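Survey of secondary and tertiary structure
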Amino acid sequence: MTDTQPRDPRPHATPDGRKGNGSRYLFLFLLGLVIGVLGVVMLMRALESRKDWTDHYPDAAMHMMQAHLAQLGNSIEANRCAATDVLPHLQSLRVLANDLEPALPDLRDDSRFTQHAGRLRATLDDALGSPPLNCASATATSENIGKACMACHQDFRG
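Residues numbered from 1 in each chain as written. Predicted model: local features only at pLDDT ≥ 70, side-chain atom pairs only at ≥ 80, totals over all residues. Heavy atoms only, no water.

Before going further, it helps to examine the packing of helix α3 (residues 83-97) against helix α5 (residues 111-129). Contact pair α3 / α5: the axes reach a minimum separation of 10 Å and the direction vectors enclose 150°. As the angle between them shows, α3 and α5 are arranged roughly antiparallel. Of the two elements, α3 crosses α5, and the hand of that crossing is left-handed. Between α3 and α5, the contacting residues are Leu87, Leu90, Gln91, Leu93, Arg94 and Ala97 on the first element and Leu120, Arg121, Leu124, Asp125, Ala127 and Leu128 on the second. Of the residues belonging to the contact of α3 with α5, the class tally is eight nonpolar, one polar and three charged. (Axes fitted to C-alpha atoms, helices over the stretch in contact; angles between N-to-C directions. Helix = DSSP H or I, 4+ residues; strand = E, 2+ residues; numbered from the N terminus. Parallel < 35°, antiparallel > 145°, perpendicular 65-115°, else oblique. Left-handed = near helix turned anticlockwise from the far one by under 90°. Contact = heavy atoms within 4.5 Å. Nonpolar A, V, L, I, M, F, W, Y, C, P; charged D, E, K, R; others polar.)

Time to look at the state of the cysteines. Inspection of every chain in the model, using the stated rule, returns one disulfide. Two residues, Cys81 and Cys135, share a disulfide whose sulfurs are 1.8 Å apart. Its torsion about the S-S bond being 95°, the disulfide of Cys81 and Cys135 is classed as right-handed. With Cys81 in the loop between α2 (53-77) and α3 and Cys135 in helix α6 (residues 135-156), the pair connects residues that are 54 residues apart, well separated along the chain. Residue Cys81 is classed as buried on the basis of its relative accessible area, which comes to 5%. We note that Cys149 lacks a disulfide partner, and the nearest cysteine sulfur, in Cys152, lies 8.0 Å from it. A relative accessible area of 13% places Cys152 in the buried class. (Disulfide = S-S within 2.5 Å. Buried < 20%, exposed > 50% of the residue type's maximum accessible area, 1.4 Å probe, protein only.)

With that settled, the discussion passes to a nonpolar patch on the surface. Nonpolar side chains collect at one region of the surface, where Leu26, Phe29, Leu30, Leu33, Val37 and Val41 lie side by side and expose about 560 Å² of accessible area between them. Mapped onto the elements of the fold, Leu30 is located in helix α1 (residues 22-49). Classification of Leu30 by relative accessible area gives partly exposed; the value is 44%. (Patch = residues over 30% accessible without salt bridge, like charges linked within 9 Å, V, L, I, M, F, W, Y side chains within 5 Å. Areas by Shrake-Rupley, 256 points an atom, 1.4 Å probe, with all protein chains shown as cover. Salt bridge = Lys/Arg side-chain N within 4 Å of Asp/Glu carboxyl O.)

Here the structure, examined in full by the defined rule, presents two aromatic pairs. Aromatic side chains Phe113 and Phe156 sit 5.8 Å apart centroid to centroid with 90° between the ring planes, which places their arrangement in the edge-to-face category. With Phe113 in helix α5 and Phe156 in helix α6, this residue pair connects regions lying 43 residues apart in the sequence. (Phe/Tyr/Trp six-rings, centres within 6.5 Å; stacked < 30°, edge-to-face > 60°.)

Bringing the packing of α2 against α3 into the picture now. Contact geometry for α2 and α3: axes closest at 9 Å, N-to-C directions at 160°. Here α2 lies roughly antiparallel to α3, going by the angle between them. The chirality of how α2 crosses α3 is left-handed. Contact residues: Met64, Met65, His68, Leu69, Gln71, Leu72 and Ser75 in α2; Asp85, Val86, His89, Leu90, Ser92, Leu93, Leu96 and Ala97 in α3.

What follows is the structure, given as structure tokens:
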């Protein structure tokens, strides 16, 4: 038995001779997806650009403190524990500790927060009053600063 009907050379043709629309739907779906992603990115950037320095201040203060504490830790790990290596980070941390209440105005009136901030400043004042002169004392100082930070974070970051 031979097939008497000629074969349709179009691979996507339906039995009645029409071409399917699946590839068109897929293209439109992908196009809509790309346009949607671009729209969301543009919207997010527009919302982010509306923020001013007061919106970024709390995060910036915390990031700077974290950076100086990490650099202090890097100095200790590299066995560079002389006062010239350690003091700049301790001084910067002390200056940044003065900004805790202004950076976090919602917590400024909370007595627990002011106690934590005061303890951090006292820890840094002690470290600056008798600076660590070797890696063992620098490690202890770094741990004390970390404990002061962690105590506050446990109460307020949740």
